[in-house]
Amino acid sequence: MSSPNAPSTDPAAQLRSLYYAHYNFQFLSAAFEFGLFALLGAEPGLTRVEIAGRLGLREQPARILLLGCTSIGLLRKDGERYYNTEVSAPLATNLEDLPGVFVPWEQHVNYRPMAWFAESLREDTNVGMRREIAGDSDTLYGRLAGDPKLEQVFHNMMGSVSRLCGAELVDQLDLSGYTHMLDVGGGTAVNATNFARRWPHLQVTIVDLPTIVEAANEKIAGMGLSDRVRAVGLDAFNDEFPKGCDCVFFGHFLEIWSIERNKDLLAKAARAVEPEAGVIVVTPVQDDDETGPDIAAALSAYFQTVASGEGMVYTCKEYEEWFAEVGFEPTGRLYVGLGDVAITGTRRPT
Ligand SMILES: C[S@@+](CC[C@H](N)C(=O)[O-])C[C@H]1O[C@@H](n2cnc3c(N)ncnc32)[C@H](O)[C@@H]1O
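Cut-off values and rules
Residues numbered from 1 in each chain as written. Predicted model: local features only at pLDDT ≥ 70, side-chain atom pairs only at ≥ 80, totals over all residues. Heavy atoms only, no water. Axes fitted to C-alpha atoms, helices over the stretch in contact; angles between N-to-C directions. Helix = DSSP H or I, 4+ residues; strand = E, 2+ residues; numbered from the N terminus. Parallel < 35°, antiparallel > 145°, perpendicular 65-115°, else oblique. Left-handed = near helix turned anticlockwise from the far one by under 90°. Contact = heavy atoms within 4.5 Å. Nonpolar A, V, L, I, M, F, W, Y, C, P; charged D, E, K, R; others polar. Salt bridge = Lys/Arg side-chain N within 4 Å of Asp/Glu carboxyl O. Buried < 20%, exposed > 50% of the residue type's maximum accessible area, 1.4 Å probe, protein only. Near = heavy atom within 4 Å. Polar contact = N/O pair within 3.5 Å; in protein donor to acceptor, adjacent residues only side chain to side chain. Areas by Shrake-Rupley, 256 points an atom, 1.4 Å probe, with all protein chains shown as cover.

So, the packing of helix H6 (residues 102–114) against helix H10 (residues 148–172)
Between H6 and H10, the least distance of the axes is 9 Å, while the angle of their chain directions is 140°. Between H6 and H10, the angle is such that the two are oblique. H6 and H10 meet at a crossing whose hand is left-handed. Taking contact as the criterion, the partners of Phe-102, Pro-104, Trp-105, His-108 and Val-109 in H6 are, on H10, Leu-150, Val-153, Phe-154, Met-157 and Val-161. By residue class, the composition of the contact of H6 with H10 is 9 nonpolar, 1 polar and no charged.

Some details on the pattern of salt bridges
Following the criterion strictly, the structure yields 11 salt bridges and no others. For Glu-43, the salt bridge is made with Arg-54, and the minimal N-O distance between the two is 2.6 Å. Highlighted residues: Glu-43 in the loop between helix H3 (36–42) and strand E1 (46–47) and Arg-54 in helix H4 (residues 48–55), separated in sequence by 11 residues. A salt bridge links Arg-333 to Asp-288; its shortest N-O distance comes to 3.1 Å. Taken together, the residues span a long stretch of sequence, with Arg-333 in strand E9 (residues 328–336) and Asp-288 in the loop between strand E8 (278–284) and helix H14 (294–307) at a distance of 45 residues. By relative accessible area, Arg-333 is classed as partly exposed at 34%. Asp-288 gets classed as partly exposed once you look at its relative accessible area, which sits at 32%.

Quick word on the site of the ligand
Taken together, the neighbourhood of the ligand is formed by 19 residues, with Ser-162, Gly-185, Asp-208, Ala-236 and Gly-251 sitting nearest. One nitrogen or oxygen atom from the side chain of Asn-191 is found 3.2 Å from an oxygen atom belonging to the ligand. A distance of 2.6 Å is found between an oxygen atom of the ligand and a side-chain nitrogen or oxygen belonging to Asp-208. Burial of the ligand by the surrounding chains reaches 95%, relative to a free accessible area of 590 Å². By residue number, the principal contributor to the shell around the ligand is H10, which donates 3 residues.

See below:
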């Protein structure tokens, strides 16, 4: 007999789990924010009264939170005592790394904007971000620049995702044939510094929005890499890319933008380099047959509703077609990280 808490295969129950999904996320998010999983990680088997006292909650609110977390498998109740489960255990430590960083990211940046999903589809722009996140920039990145707390939440999440993906990329990408990489939208230099440490001959120029550049250069200096890695302020849409590089890297950047803008960015990359130069696009990926995976669907909704109002998670096939259109020969696909792919190409002779 299956356990009463096993996921149901009953269609009505599956539907119910969908319309209750936002309560479930709030059980998770509130428990994480109060430090409930960290508390039970350190002191398993506390009772409701003890938990309420430690979290500074009245007993009935604590009871509601514990009921919610127990009902969805985040906690286990044995007699009067509560324990983390294997689902919640990873949220008890390393709160600034994966998977914990996703919880404040979804709660503080995406949760309210995502309630404007239908309007964002109808108006074909990121209505959610425009309604819920202060500022006048058209993109989330511009608005985050005006809110240091949210910007930190974003960079904690993005940095953790990039570290995981970067560790695998560094192992698997052969950059021995390149001398100078241009890292477009390179953020806080996670990829650039990984590559520079792995390939001691390699120089990297990061181009990103001016607000990011100072922090990136400080981090690079702290790692003793300023002689080979530097960040420069540049708007990828309004400025040409600097010449002199023999490899252009787009890490978690092109999925943010529309097909037209991506073709323009790739064409700009092709103009900035000589024949035989490389192009590398690292991106979450949609299956070529357009059936998933779920993370590609969720991220696509996020780009439409929050981040930019125009991007989505595209297929490898599309990137390879755009490469060919602007003058790069596709050379391979390398699957890394949490469902990311590195799509590589080489500049064709003109
Ligand atoms: C999703 S993050 C990726 C960061 C980094 N490449 C990584 O993989 O960790 C996108 C980056 O694009 C930058 N960005 C957004 N709009 C930009 C623009 N118009 N020109 C240059 N960089 C931009 C953001 O500041 C941010 O650092």
